[in-house]
Amino acid sequence: DAGVIQSPRHEVTEMGQEVTLRCKPISGHNSLFWYRQTMMRGLELLIYFNNNVPIDDSGMPEDRFSAKMPNASFSTLKIQPSEPRDSAVYFCASTAGEKLFFGSGTQLSVL
Amino acid sequence: GESVGLHLPTLSVQEGDNSIINCAYSNSASDYFIWYKQESGKGPQFIIDIRSNMDKRQGQRVTVLLNKTVKHLSLQIAATQPGDSAVYFCAESTVNQAGTALIFGKGTTLSVSS
């Protein structure tokens, strides 16, 4: 298996632009998680899905952030409009139990 | 709210020494704990996990110890190698009806010199 696949690997955008991050979980995994990592706050859970249904989005910082999982093999995290403070590494992870498998992350820079 | 934290942000050791990375957690309802290793530019990778009904679990060169009385978790790495240099995170989760989610601590940077 190729593992969790995230795209793009790097994203540089200007403040106010829409940003869409993508994730393909490991086949057969029924839970998907989005985390954000910064030096100041470490790894923060943003939202997670079970069987494509959002379970807990209390970690989503603002209404500018939204996440979808239209099917078992694809999820998106969208930021609209983006702001410089959104600059971070965004990780997607999936699991069929409790042990999470992480993707390589998307490094987002908002100028 | 509940949180997971680490005692030390950095740890420097010599190659061949044993390393101990500590973690304190505050949610007494947590019943599953896990350690991850993150190398520069990569996502966190699973090292070892332990359930609350155990106090020790061993893997290859790694041991996790759980002390529920003081809510303390530690990761021991035997014969530390330069390739062990990374940031180490502990995480906790609680099983409930909605599901489970791992909550991570801030991380400890391990530097191994040869």
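Scope of this entry: the structure provided in the associated data block. What you see is a predicted model, and the numbers here were worked out from it, not measured in a lab. (Residues numbered from 1 in each chain as written. Chains lettered and ligands numbered in written order. Predicted model: local features only at pLDDT ≥ 70, side-chain atom pairs only at ≥ 80, totals over all residues. Heavy atoms only, no water.)

**Examining the overall build of chain B**
Thinking step 1. Scanning chain B from terminus to terminus reveals 0 helices and 11 strands.
Thinking step 2. Along chain B, from the amino end to the carboxyl end, the secondary structure elements read β-β-β-β-β-β-β-β-β-β-β.
Thinking step 3. Looking at chain B as a whole, 43% of its 114 residues qualify as buried.
Thinking step 4. Across chain B, contacts joining residues at least 24 apart in sequence account for 54% of those joining residues at least 6 apart.
Thinking step 5. Only carbon and sulfur atoms are counted for the fraction: they give 46% of the accessible area of chain B, which is about 5700 Å². (Helix = DSSP H or I, 4+ residues; strand = E, 2+ residues; numbered from the N terminus. Buried < 20%, exposed > 50% of the residue type's maximum accessible area, 1.4 Å probe, protein only. Contact = heavy atoms within 4.5 Å. Areas by Shrake-Rupley, 256 points an atom, 1.4 Å probe, with all protein chains shown as cover.)

**Concerning the sheet that holds strand β1 (residues 5–7) of chain A**
All names here are of chain A.
Thinking step 1. Strand order in the open sheet formed by 4 strands is β1-β3-β8-β7, with antiparallel pairing between adjacent strands. Only two strands of the sheet have a single neighbouring strand rather than two, namely β1 and β7 (65–71). Along the sheet, successive strands turn relative to each other by an average axial angle of 15°, direction set aside.
Thinking step 2. Where β7 and strand β8 (residues 74–79) come together, 5 bridges link them in antiparallel fashion. (Pairing = 2+ DSSP bridges. Axes fitted to C-alpha atoms, helices over the stretch in contact; angles between N-to-C directions.)

**Some words on the nonpolar core**
Thinking step 1. Counting residues in each nonpolar core, the largest one holds 21 residues, and the members touching the most others are A:Trp34, A:Leu77 and A:Tyr90.
Thinking step 2. Sequence-distant contacts of A:Leu77, defined by excluding residues within four places in its chain, comprise A:Val19, A:Thr20, A:Leu21, A:Trp34, A:Leu46, A:Met60, A:Ser66, A:Ala67 and A:Tyr90.
Thinking step 3. By size, the runner-up hydrophobic cluster in this structure holds 20 residues, among which are B:Trp35, B:Ile48, B:Leu73 and B:Cys90. (Core = buried A, V, L, I, M, F, W, Y, C linked by side-chain atoms within 4.5 Å.)

**Digging into the interface of chain A and chain B**
Thinking step 1. Between chain A and chain B, the residue contacts involve 20 residues of the former and 21 residues of the latter.
Thinking step 2. Counting each side, the surface lost to burial between chain A and chain B is near 1500 Å², with a carbon and sulfur contribution of 54%.
Thinking step 3. When the buried area of chain A at its contact with chain B is split by residue, A:Leu43, A:Glu98 and A:Lys99 rank highest and sum to 38% of it.
Thinking step 4. Run the count over chain A and chain B and you get 1 salt bridge.
Thinking step 5. Between B:Arg51 and A:Glu98 there is a salt bridge, and its shortest N-O distance comes to 2.3 Å. (Buried area = accessible area lost by both parts, 1.4 Å probe. Salt bridge = Lys/Arg side-chain N within 4 Å of Asp/Glu carboxyl O.)

**A word on the packing of aromatic side chains**
Thinking step 1. Taken as a whole and assessed by the stated rule, the structure comprises 11 aromatic pairs over all chains.
Thinking step 2. Ring centres of A:Phe33 and A:Tyr35 lie 6.4 Å apart, and the angle between their planes is 25°; this geometry places the pair in the stacked category.
Thinking step 3. Relative accessible area serves as the criterion here: at 0%, A:Tyr35 is assigned to the buried category.
Thinking step 4. Ring plane angle 85° and centroid distance 5.5 Å describe the contact between A:Phe102 and B:Tyr36, whose orientation is recorded as edge-to-face. A residue pair is termed interchain when its members come from two chains, as with A:Phe102 in strand β10 (residues 101–102) and B:Tyr36 in strand β4 (residues 32–38). Across this residue pair, the class does not change: A:Phe102 and B:Tyr36 are buried.
Thinking step 5. Taking the ring centre of B:Phe46 as reference, the NZ or CZ of A:Lys99 above it sits at 4.2 Å. (Phe/Tyr/Trp six-rings, centres within 6.5 Å; stacked < 30°, edge-to-face > 60°. Lys NZ or Arg CZ within 6 Å of the ring centre and 35° of its normal.)

**Overview of the environment of B:Ile103**
Thinking step 1. Note on placement: B:Ile103 falls in strand β10 (residues 103–104).
Thinking step 2. When the C-alpha atoms of B:Ile103 and B:Ala86 are compared, they prove to be 19 Å apart, with 17 residues separating the residues in sequence.

**Considerations on the side chain of A:Thr106**
Thinking step 1. Along the chain, A:Thr106 turns up in strand β11 (residues 106–110).
Thinking step 2. Those residues in contact with A:Thr106 that lie beyond four places of it in its chain are A:Gln6, A:Ser7, A:Pro8, A:Arg9, A:Glu11, A:Leu21, A:Ala88, A:Val89 and A:Tyr90.

**Description of the pattern of salt bridges**
Side chains bearing opposite charge may pair, as long as their charged atoms lie close to each other.
Residue and element names in this part refer to chain A.
Thinking step 1. Under the definition given, this model contains 12 salt bridges over all chains.
Thinking step 2. Measuring nitrogen to oxygen at the nearest pair gives 3.3 Å for the salt bridge that ties arginine 36 to glutamate 44.
Thinking step 3. On the basis of relative accessible area, arginine 36 is assigned to the buried category, the value being 7%.
Thinking step 4. Across the pair glutamate 62 and arginine 85 runs a salt bridge whose closest N-O atoms are separated by 2.8 Å. Placement of the pair is glutamate 62 in the loop between β6 (53–56) and β7 and arginine 85 in the loop between β8 and β9 (88–95), with a sequence separation of 23 residues.
Thinking step 5. Here arginine 85 falls in the exposed class, since its relative accessible area comes to 54%.
Thinking step 6. Within the structure, one salt-bridge network assembled from shared partners comprises Glu62, Arg64, Glu83, Arg85 and Asp86.

**As for the pairing of β4(B)**
Residues and elements named next belong to chain B.
Thinking step 1. For β4, the tally of buried residues reaches 7 of 7 residues, placing the bulk of the element in the interior.
Thinking step 2. Of the two faces of β4, the one lined by Tyr32, Ile34, Tyr36 and Gln38 and the one lined by Phe33, Trp35 and Lys37 are each fully buried.
Thinking step 3. As paired elements, β4 and strand β5 (residues 45–51) share 6 bridges and run antiparallel to each other. Looking across to β5, one finds that phenylalanine 33 is bridged to isoleucine 50.

No statement about biological role is implied by the geometric values presented.
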